[in-house]
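Commentary on secondary and tertiary structure
For reference, the chains in residue letters:
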Amino acid sequence: MLTAAAAAAALTLGTAGLTGASTALAAPRPAHAKAGATKSNEIPPKAKVNLSETGSTLLYPLFQLWAAAYHKHYPNITITPQGTGSGTGISDASSGTVNIGASDAYLSPTVFAQYPGIENIALAISAQMINYNVKGVPASVHLKLDGGVLAGIYEGHITNWDAPQVRALNPGVKLPNEKIVALHRSDSSGDTFLFSSYLSDTNPSGWGKTIGYGTSISFPAIPNALAEEGNGGMVTGCAATPGCIAYIGISYLAKTEAAHLGEAMLQNRDGFFHLPNAATITAEAAAAYSQTPPDEALSLVDDTAKAGYPIINYEYAIIPPKQPNGTDAKAVKAFLYWAIDPTGGSSPAFLDAVNFQPLPASIAQLSAAQIAKIKG
Amino acid sequence: MSELQNRPPTSPAPGLQPAFVDLGSQANQEPPAAGGGALDLYGRPSWGRRAANAVGWGACVLAVVLIGAPLFWVVYGVVARAVPHWHWSVITTPTSAVGGGLANEIVGTLLITAGVVVLAGTVGICSGVYLSEYAKGRTGALLRSGSEVLAGVPSIVLGYVGYIALVIGAHWQFSLAAALVTLSVLTVPYIAKTTESALRQVPTSYREGAEALGMSQVRTMTRITLKAAVPGVTTGLLIAIAISVGETAPLLYTAGFSDSMPSLSLTHSPVGYLTYAVWTFYNQPSVTFQQLSYDAALVLVVLVAALVCLSRAIVARSQRYAERA
Amino acid sequence: MALAARHPLEAEPPRGWAAWLPAAVRRAARDGSWARYLTGAAALLPVLALAAVLAVLAAKAWPAMKVNGTGFLGRSTWQPGSTYAAAVRTDGVLHPAGSEYGALALIVGTLASSGLAVVFAVPLSVGAALAVVEKLPRRASYVVGMFLELLAGIPSVVFGLWGITSFGPALARDVYPVVAKHMPDIAVLRFLRGDTGYGEGLLTAGLVLAVMIVPIVAATTRDLLRQVPALAKEGAAALGMNDWEIACKVSVPWVRSGIIGAAVLGLARALGETMAVAMVSGSLLGTMPLNLYAKMGTVASTIVQQLDGAFSDGTGFEVRTLAELALVLAVITLLTNVAARLLVRKVSTVALPVGRGV
């Protein structure tokens, strides 16, 4: 895996915008080059280390790939990934019971204040899809939805797929008179954070005022609501429920396509409808690079970009204020440096499998600065 | 006075007439009405009562069947989903990030169970010994009811307290020690109760004979009384094993989870266990993990069946060799 | 000093390291009373553990109890508040703005699912126990006993897995629509009509719990029925009663309060059950179930599902509210257990001397 990554990176140099820190990689590397021997800070300690990672189900498929690849190359390092929800990732990292927490949501000011030294380190850029299971709408047609309609659905004002608000956005599409079943996450979730952020930004006086955003919010108790656990549960639940609408992380695109769920085009701040893909995600993210603070706690949802898809985010590794011991800290640092390395964990071989986008050089620098502060 | 004497003799009140049984007239009477009455022509219970008898016992036997049916359904459901895709490497390979097997969970469950037997077994047996041999009326009653109240505390409440007090408060993190302490608190009441009742059933003549021979109380306890109570004590330990194998809620928040074989360090090292695989892997979108979830359920059912057979064998053996005092 | 420290019967002064031990310890070691102290300490541990559990819960829950107030048991909301806005202080306790927690829907869910479990399990268990004690041959009762032990030993996550993969969907496909369609539209029975869902909900949880508590109710009832004195039953047979009437009019009334105690024991077990309910109940927070098949949440399933994410509320208020929930659950199960023990104990003090010595 790492060798393939090195070869792929050799062919696609330049897309990630390498900074001075990685000029050693500027020259194309031969395919048989020893993978992993690229940077000294990516080499973990020689001792046997077991690291635990828990949190976001959106980041989980990527973490599974990373853990397997890293273990293959450094068999003394075993990383146990778990997909338990961003809330658990933040929670376990705050209480120090896990080495790496994963979250789609950055940390709140209260958490930063209560646990000084806790960090959220951006690893990649991901996005969230809105999927639906509506009969009669072919896979080639992507329904257009916006924040107002979504808020109306989740608040219970819009109950059927052929409601006038939905038809107004989708002229020419034959919508059935089917009840909309609104799926939401039952666990404390970063996807809920992203979805509710989008609804709050697009309905500042409605949803933004009454319900707001967070990893755990009180969804309105409407008759046709269903709760599912994890992104995996959202996929299987939506596939089994005709008329459903669900917010699912983009790392599950292959699964939603296999389950024949439709994917919606969302309206961005400038009024254009887009699907989430490499171009639209990168366009939307570009607006935020210069605004990202050193602690990388920034919402990327609904920024101003004509060609941008509105629901995108940094994927964060939440690092506890103090690792259990020095060896663990060194291993965590080595792993994270490898993860943000465009020839390592952030190579297309890994990111394309989950439809994520790599961090640009400027943000990767901020992440590297935060990784350097990890202590044990 | 004269009036009383002059009163004519009155016949006794009608109800006090001597009962005059006229067998002849009874034999010629109509037989009692069939069905609603108690007996029929031939003195058997009426058909109504016989029907009630048949229906009642039929319903009871149906109840027995309805109790067995879910058991078979559960075992069939687990076996039918796990066995077709079973391969023995599930037992030998640890879980990895993308699948693997259940080796580390099985070792973790066995390790936790062994630890609970040692820790809770020691405390429970000593507690049972105290309650049956040494405790006097009120202290004994107080300690016993305290133990029973502890047995009634739900396992998730103990898991919460273990998480807050041990994992986070005492900075043990997810660890074997936190899991062992929490599960021991859960199982000690059961072991103490079975030990106490087993010791009480040992005939007093054993103890008296030992005292007559001049053995000290401690020696009597270990050499004679406990030995005679071994089947009962073993039943208690088997209950403890069944609880450690099957509990999830307390372990979720004390043992954590790990993909590697459990290290023997007591703190700072999470341990994987079988029930976690059943609880978490079934709703992963990967078929490999869902299959592992069924495999873990199968291993659990097999372990429980083995425990039940073992406990029955121990009871049968002890009854064969038991002395009746 | 030296004289007073020595036991009058000590022939010679203690040698070596034993001299450093205090006299009381030496005495205890000699006459075997160390065993009493050691085992006494062990017997004290459960009581101390209970006290520690209640103390930790109370200490953790007290700030939340102050803020949530007495309305906690009367409200149905579960609103964590604006975790990303500035936290506020009420009564000196830090919590997110707009947070509001109420346990009513959870308590109702807990009592309803456990109540349903008892309603389904008790008739089955009493009937099965009657059959095992009175009618079935010895072999069959041995086998039924093994079935009960197996049922009791199967972990609750396996029951939950069965519930969501086979039992729930089968019920939702075949049983619920039939029941819901044929229910008349009268006031109380309206709760049994309506949308029957996909198999996760109140009724499914109640049925799975019933399967789980059958072993304890059936085993207790069986042991109670075995204690009915043969003389009473033979007397009834002599009067001409048939087997069923003996069972109904003699055996069961004899142990009536014991059966109620067994039912309450089963209720206590069902109240504390966590994993199976978490998997089949649908995990709804914050609203009452609308009909019998609707999703709902229980106190135990809420604690197990929300605790791992609770620290993401940086103020720690959600963790404290979960402690309050745990305390509520502990109190409910405690009271139920005490009631059960009192009822089951009564039957062993039946006053009639009939049967003794016969």
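Here the residue numbering is sequential within each chain, running from 1 through the sequence in written order. In the order they appear in the text, chains get letters beginning with A and ligands get numbers beginning with 1. Owing to the predicted nature of the model, reporting of local features is limited to residues with pLDDT of at least 70; listing and counting of side-chain atom pairs is limited to 80 or more, with chain, interface and lining totals taken over all residues.

**A short note on the overall build of chain C**
A run of DSSP states H or I qualifies as a helix once it reaches four residues; a run of E qualifies as a strand once it reaches two. Both are numbered from the N-terminal end. Within chain C, the secondary structure is distributed over 13 helices and four strands. Expected size for 358 residues packed as a compact globule is a radius of gyration near 21 Å; at 28 Å, chain C overshoots this value by more than 25%. On the principal axes, the C-alpha backbone points of chain C span a range of 90 × 80 × 35 Å. Classification of the 358 residues of chain C by burial places 51% in the buried group. By the convention adopted here, residues make contact when the C-beta atoms placed from their backbones lie within 7 Å. In chain C, the share of contacts with a sequence separation of at least 24, taken over all contacts with a separation of at least 6, comes to 77%. Here the radius of gyration uses the C-alpha set of atoms, whereas the globule reference equals 2.2 Å times the residue count to the power 0.38. The exposure scheme places C-beta atoms from the backbone and then counts, for each residue, the other C-beta atoms within 10 Å of its own, assigning buried at 20 or more, exposed at 12 or fewer, and partly exposed in between.

**Focus on the overall build of chain B**
Looking only at helices and strands, one finds 14 helices and two strands in chain B. Every one of the 325 residues in chain B was classed for burial, and the buried ones make up 47%. By sequence separation, contacts in chain B at least 24 residues apart represent 72% of the contacts at least 6 residues apart.

**Some thoughts on helix α6 (residues 137-151) of chain B**
By definition here, a helix of n residues has an expected span of 1.5 Å times n minus one. In this model α6 of chain B runs 21 Å from its N-terminal to its C-terminal C-alpha over 15 residues, within 8% of the 21 Å that 1.5 Å per residue would give. Residues of α6 of chain B that are buried: Leu 143, Arg 144, Gly 146, Ser 147, Val 149 and Leu 150 of chain B.

**A short note on the interface of chain C and chain B**
Across the contact, 63 residues belong to chain C and 72 residues belong to chain B. If one sorts the elements of the side of chain C that touches chain B by residue count, helix α3 (residues 34-68) of chain C sits on top with 17 residues. In the scheme used here, Gly and all other residues not listed as nonpolar or charged are polar, with Ala, Val, Leu, Ile, Met, Phe, Trp, Tyr, Cys and Pro taken as nonpolar and Asp, Glu, Lys and Arg as charged. A breakdown of the residues in the side of chain C that touches chain B according to their chemical character gives 45 nonpolar, twelve polar and six charged.

**Some points on the nonpolar core**
By size, the foremost hydrophobic cluster in this structure holds 311 residues, and its most contacted members are Tyr 160 and Ala 297 of chain B together with Ala 128, Val 158 and Ala 326 of chain C. The leading source of residues in this core is helix α7 (residues 202-226) of chain C, at 17 residues. Domains are outlined according to an automatic or database domain assignment. Looking at which domains feed residues into this core, each of domain 1 (4-125 + 312-371) and domain 2 (128-286) of chain A gives three or more. If near-sequence neighbours (up to four positions away) are discounted, Tyr 160 of chain B is found in contact with Tyr 253 of chain B together with Ile 303, Leu 307, Leu 322, Ala 323 and Ala 326 of chain C. By definition, a nonpolar core groups buried Ala, Val, Leu, Ile, Met, Phe, Trp, Tyr and Cys residues that are joined through C-beta atoms within 7 Å.

**Section: the interface of chain C and chain A**
Counting residues at the interface gives 22 residues for chain C and 25 residues for chain A. Secondary-structure elements contributing two or more residues to the side of chain C that touches chain A are β1 (78-79) and β2 (82-90) of chain C.

**Considering the pairing of strand β12 (residues 312-319) of chain A**
All names here are of chain A. Across the eight residues that make up β12, a large majority, eight, are buried. Sheet analysis places strand β3 (residues 100-103) next to β12, joined by three bridges and oriented antiparallel. Residue pairing in the sheet places Ala 102 in a bridge with Ala 317 of β12. Two strands qualify as a pair provided that DSSP identifies no fewer than 2 bridges between them. In this structure, strand β4 (residues 119-132) lies alongside β12, joined through eight bridges in antiparallel fashion. Paired with Ser 126 across the two strands is Asn 313, which belongs to β12.

**Regarding the sheet that holds strand β11 (residues 273-274) of chain A**
All names here are of chain A. Taken together, the three strands give an open sheet; going across it, the order is β5-β10-β11, and neighbouring strands pair in mixed fashion. Only two strands of the sheet have a single neighbouring strand rather than two, namely β5 (144-145) and β11. Pairing between β5 and strand β10 (residues 265-267): two bridges, direction parallel. Directly across from Leu 145, in β10, lies its bridge partner Leu 266.

**Side note on unusual backbone geometry**
Residues and elements named next belong to chain A. Phi at His 260 takes a positive value of approximately 60°, unusual for a residue other than glycine. Tracing the chain through its elements places His 260 in the loop between α10 (253-258) and β9 (262-263). Look at His 260 and you get exposed, because 9 C-beta atoms sit within 10 Å. Phi at Glu 296 is positive, roughly 60°, even though this residue is not glycine. Looking at the element boundaries, Glu 296 is found in the loop between α11 (278-286) and β12.

**As for helix α5 (residues 138-153) of chain C**
For α5 of chain C, spanning 16 residues, the distance from its first C-alpha to its last is 23 Å, which sits close to the expected 22 Å at 1.5 Å a residue. In the core, the buried residues of α5 of chain C are packed alongside α3 (47-82), α11 (230-246) and α14 (287-321) of chain B together with α4 (104-135) and α7 of chain C.

**Some thoughts on the packing of helix α5 (residues 147-155) of chain A against helix α7 (residues 190-202) of chain A**
Residue and element names in this part refer to chain A. Only the stretch in contact is used when a helix axis is fitted, and all axes are lines through C-alpha atoms; the angle between N-to-C directions ranges over 0 to 180 degrees. Where α5 contacts α7, the two axes come as close as 9 Å, and the packing angle between them is 115°. The two elements α5 and α7 meet at a crossing, and its hand is left-handed. Contacts between α5 and α7 involve Gly 147, Gly 148, Leu 150 and Ala 151 from the first element and Tyr 198, Leu 199 and Thr 202 from the second. Among the residues making up the contact of α5 with α7, the classes are represented as four nonpolar, three polar and no charged. Each crossing gets its hand from how the near helix is turned against the far one by less than a right angle, where anticlockwise is left-handed and clockwise is right-handed.

**Regarding the environment of Leu 150 of chain C**
Here Leu 150 of chain C shows up in helix α5. Under the C-beta neighbour-count criterion, Leu 150 of chain C is labelled buried, with 20 such atoms within 10 Å. Counting along the chain gives 65 residues from Leu 150 of chain C to Pro 215 of chain C, while the straight-line C-alpha distance between them is 8.8 Å. Setting aside residues no more than four positions away along its own chain, Leu 150 of chain C makes contact with Leu 71, Val 304, Ala 305 and Val 308 of chain B.

**Here we look at the packing of α3 of chain B against α14 of chain B**
For any two helices packed against each other, the geometry is given by the interaxial angle and the distance between the axes. All names here are of chain B. Running from N to C, α3 and α14 cross one another at 130°; their axes reach a closest spacing of 9 Å. By the angle between their axes, α3 is oblique relative to α14. Between α3 and α14 lies a crossing of left-handed hand. Here Val 75, Val 78, Val 79, Arg 81 and Ala 82 of α3 come into contact with α14, specifically with Tyr 294, Asp 295, Ala 297, Leu 298 and Val 301. A per-class count over the contact of α3 with α14 returns eight nonpolar, no polar and two charged. Between 65 and 115 degrees an angle is taken as roughly perpendicular, under 35 as roughly parallel, over 145 as roughly antiparallel, and anywhere else as oblique.

**Considering the confidence of the model for chain C**
Residue and element names in this part refer to chain C. How sure the predictor is of each residue is captured by pLDDT, a score from 0 to 100. When pLDDT is averaged across chain C, the result is 87; 92% of the residues are at 70 or more. At the low end of the mean pLDDT range in chain C sits helix α1 (residues 2-5), at 52; at the high end sits α4, at 95. Low pLDDT, under 50, characterises residues 347-358; the stretch is placed with twelve contacts to residues that sit more than four places away or in other chains. Model confidence for the complex: the whole-complex pTM is 0.87, and ipTM, which rates the interface, is 0.87.

**Topic: the environment of Ser 200 of chain A**
All names here are of chain A. Looking at the secondary structure, you find Ser 200 in helix α7. In the structure, Ser 200 is positioned 26 residues away from Leu 226 in sequence and 21 Å away in space, judged by C-alpha atoms. Dropping the residues within four chain positions of it, Ser 200 is found in contact with Trp 207, Gly 208, Gly 212 and Tyr 213.

**Structural notes on the pairing of strand β1 (residues 49-55) of chain A**
Residues and elements named next belong to chain A. Within β1, seven of the seven residues are buried, leaving the element largely enclosed by the surrounding structure. A two-sided burial pattern is seen for β1, the buried positions comprising Val 49, Leu 51, Glu 53 and Gly 55 on one face and Asn 50, Ser 52 and Thr 54 on the other. Strand direction decides the pairing type here: β1 and strand β2 (residues 77-83), joined by seven bridges, are parallel. When the bridges of β2 are listed, Asn 50 appears paired with Thr 78. Crossover β1 to β2 through helix α2 (residues 60-73) is right-handed. The definition of a right-handed crossover adopted here requires that, viewed with the strands pointing away, the path from the first strand over the helix to the second runs clockwise.

**Here we look at the environment of Ala 364 of chain A**
All names here are of chain A. Residue placement: Ala 364 occurs in helix α14 (residues 361-372). Look at Ala 364 and you get buried, because 24 C-beta atoms sit within 10 Å. C-alpha of Ala 364 to C-alpha of Tyr 337: the two residues are 27 residues apart in sequence and 9.5 Å apart in space.

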